[in-house]
Amino acid sequence: MSEFVYDIWYFAGLSSDVKTGDLIRIEIASEPITLGRKKDGSIFALRDICPHRAALLSAGRIVDDSVECPYHGWRFGTDDGTCQEIPSLCADQDTDPSKIKVRSFPARENGQLIWVYLSSDKKFSGTPEINPPAFPFATRKPTIDDRLTLNCHVDHAVVGLMDPAHGPFVHENKWWRSRHSIHEKAKKFEPRERGFAMAAHSPSSNSLAYKLLGGKPVTEITFRLPGIRTEEIKVGHKTLLSFTAVTPLDENRTQIRQIFFTNFLSVKLLKPFIAAGARKFLRQDADMVDLQQKGLAYNPKLMLIEDADAQAKWYYAIKKEWGKSRKENREFVNPMKARVLRYRS
Ligand code: FES
Ligand SMILES: [Fe+2]
């Protein structure tokens, strides 16, 4: 298991997660973070541990442009985390609040998606070199929003998510597909920014769910670091964007958040049915992860074989090259080359 991906934007939540004046607590790659929204609507992110005596800042409140710790009322600027005020100080005492800082993280909101930048340098301040990924269709209100915590390292979660071979076994559902429908597939993959895509194609004819959309759908699936997978299904000018963020909470817990944005009326009408189906899918993956953990406890050697596991190999290669290119202060060179993958699923 390798370490987390740094110097990159992580998905931190939906706009609706953080109301004006709110402070919420999230965790990304073993960093406790409080996400807040100021009166002017802007979003910010600070480490969720008070440098004084470790109370959670997320339990405090926002006062003007600062966060007030609930324990002794110290205030920290929302922009850079500098301490602005220590209420217990007398006029002639010389502790300088401005020398005390809580770590701050760059935070951005694009459409309905909030992103937080995690630098490998804990002292990092300023503007990151890269921007969070843009998803123009993610500006509308999400139709479905579901999340689940998997009891595994993020690498296992990502690899499991992009594994085409487990579908007929783990997700053997009447309305989806069965192991009897396994057949050979050939899918074209190409490099994309910090990731890759399964080029636009018409989805498998053995996927009953697609039939609900009517017409001839075209699907494109993308993956990019740190763990963002999208599936965009289009029929004419109707779109369904399924956005999945696989985010490490810590070494042994990973959150999967799946959000659907759509202007398909049929998807909106069938929302309870589709949400339940998506939930069942996630649950099936989570159960398999728990089973896998029992085996992993013995630290066995693992295999990645042929084309069915090629995406997993690309993930590891891309992750490695990202870390290396950051360390060497150079352009990232995508190690993935366009090719057709053939597997039975
Ligand atoms: S612990 Fe935050 S002010 Fe004391
Ligand atoms: Fe799965």
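Nothing here was measured: the structure is a model prediction, and the numbers come from that model.

### Observations concerning the overall build of the chain
- When its secondary structure is counted, the chain shows 6 helices and 19 strands.
- Radius of gyration (C-alpha) of the chain: 22 Å, near the 20 Å computed for a compact globule of 345 residues.
- The principal-axis extent of the C-alpha atoms belonging to the chain is close to 80 × 45 × 40 Å.
- The 345 residues of the chain split such that 52% are buried.
- Of the contacts formed within the chain by residues at least 6 apart in sequence, a portion of 57% connects residues at least 24 apart.
- For the chain, the computed accessible surface area is about 17,500 Å², with 52% contributed by carbon and sulfur atoms.
- For the chain, the distance from the average position of its 52 positive side-chain charges to the average position of its 42 negative side-chain charges is 7 Å.

### Quick word on helix H5 (residues 271–296)
- The end-to-end C-alpha separation of H5 is 37 Å, in line with the 38 Å expected for 26 residues at 1.5 Å each.
- Buried positions along H5 lie against strand E12 (144–150), helix H1 (154–161), helix H2 (167–170), strand E18 (253–262) and helix H4 (265–269).

### Side note on a positive patch on the surface
- Judged by side-chain charge, Arg-140, Lys-141, Lys-238, Lys-268 and Lys-271 come together as a positively charged surface patch.
- In this structure, Lys-268 sits in helix H4.

### Re the pairing of strand E13 (residues 184–192)
- Relative to strand E19 (residues 339–344), E13 runs antiparallel, the two being bridged by 6 bridges. Bridging across to E19, Ala-186 finds its partner in Arg-342.
- Direction of pairing for E13 relative to strand E14 (residues 195–201): antiparallel, over a ladder of 4 bridges. Among the inter-strand pairings, Glu-190 is bridged to a residue of E14, identified as Ala-197.
- Hairpin remark: E13 followed by E14, antiparallel, with 2 residues in the connecting loop; positive phi at Arg-194, about 50°.

### A word on the coordination of the iron ion (ligand 2)
- Protein coordination at the iron ion (ligand 2) comes from His-166 (NE2), His-171 (NE2), Asp-285 (OD) and Asp-285 (OD), with a distance range of 2.1 to 2.6 Å.
- Given 4 donor atoms and angles of 55 to 152° at the metal, the environment of the iron ion (ligand 2) is assigned as irregular.
- If you list the donors of the iron ion (ligand 2) from N- to C-terminus, the spacing comes out as H-x4-H-x113-D.
- You can call His-166 buried: its relative accessible area is 17%.
- For His-171, a relative accessible area of 3% gives the class buried.

### Concerning the nonpolar core
- Residues Ile-28, Leu-35, Leu-113, Val-116, Phe-243 and Phe-261 are the most contacted members of the largest nonpolar core, which totals 64 residues.
- Both domains that furnish three or more residues to this core are identified here as domain 1 (8–118) and domain 2 (136–344).
- Beyond its immediate stretch of four places on either side in the chain, Leu-35 contacts Ala-12, Val-18, Asp-22, Leu-23, Ile-24, Ile-26, Ile-43, Phe-44, Ala-45, Ile-114 and Val-116.
- Within the second largest apolar cluster, 15 residues are counted, among which are Phe-44, Cys-50, Cys-83 and Ile-86.

### Observations regarding the pattern of salt bridges
- Taken as a whole and assessed by the stated rule, the structure comprises 28 salt bridges.
- Of the charged contacts, one joins Glu-27 and Arg-253 as a salt bridge, the two residues approaching to 3.0 Å between their closest N and O atoms. Pair noted here: Glu-27 is in strand E2 (residues 23–28) and Arg-253 is in strand E18, with a separation of 226 residues, a long-range link.
- Judged by relative accessible area, which is 29%, Arg-253 ranks as partly exposed.
- One salt bridge connects Asp-250 with Arg-253, and the closest N-O pair in it is separated by 3.1 Å.
- One network of salt bridges, with partners in common, ties together Glu-31, Arg-47, Arg-103 and Lys-122.

### Describing the domain arrangement of the chain
- Domain annotation of the chain identifies domain 1 (8–118) and domain 2 (136–344).
- The straight-line distance from the C-alpha centre of domain 1 to that of domain 2 is 33 Å.
- Counting residues at the interface gives 16 residues for domain 1, matched by 22 residues for domain 2.
- Carbon and sulfur atoms make up 67% of the area that domain 1 and domain 2 hide from each other, which totals about 1,400 Å².
- Scanning the region where domain 1 abuts domain 2 turns up 2 salt bridges.
- Between Asp-17 and Arg-257 there is a salt bridge, and its shortest N-O distance comes to 2.9 Å.
- For the interface between domain 1 and domain 2, the tally reads 6 residue pairs in polar contact (both at pLDDT 80 or more).
- It is strand E1 (residues 8–14) that provides the largest number of residues to the side of domain 1 that touches domain 2, a total of 6 residues.
- Of the residues belonging to the side of domain 1 that touches domain 2, the class tally is 9 nonpolar, 5 polar and 2 charged.

Criteria and thresholds
- Residues numbered from 1 in each chain as written.
- Chains lettered and ligands numbered in written order.
- Predicted model: local features only at pLDDT ≥ 70, side-chain atom pairs only at ≥ 80, totals over all residues.
- Heavy atoms only, no water.
- Helix = DSSP H or I, 4+ residues; strand = E, 2+ residues; numbered from the N terminus.
- Rg over C-alpha atoms; globule rule 2.2 N^0.38 Å.
- Buried < 20%, exposed > 50% of the residue type's maximum accessible area, 1.4 Å probe, protein only.
- Contact = heavy atoms within 4.5 Å.
- Areas by Shrake-Rupley, 256 points an atom, 1.4 Å probe, with all protein chains shown as cover.
- Lys, Arg positive; Asp, Glu negative; His and termini not counted.
- Charge placed at Lys NZ, Arg CZ, Asp CG, Glu CD.
- Expected span 1.5 Å × (residues − 1).
- Patch = residues over 30% accessible without salt bridge, like charges linked within 9 Å, V, L, I, M, F, W, Y side chains within 5 Å.
- Salt bridge = Lys/Arg side-chain N within 4 Å of Asp/Glu carboxyl O.
- Pairing = 2+ DSSP bridges.
- Donors = N, O, S within 2.8 Å, 3.2 Å for Na, K, Ca; no water.
- Tetrahedral: all angles 85-135°; square planar, octahedral: opposite > 155°, others 65-115°.
- Core = buried A, V, L, I, M, F, W, Y, C linked by side-chain atoms within 4.5 Å.
- Domains from an automatic or database assignment.
- Buried area = accessible area lost by both parts, 1.4 Å probe.
- Polar contact = N/O pair within 3.5 Å; in protein donor to acceptor, adjacent residues only side chain to side chain.
- Nonpolar A, V, L, I, M, F, W, Y, C, P; charged D, E, K, R; others polar.

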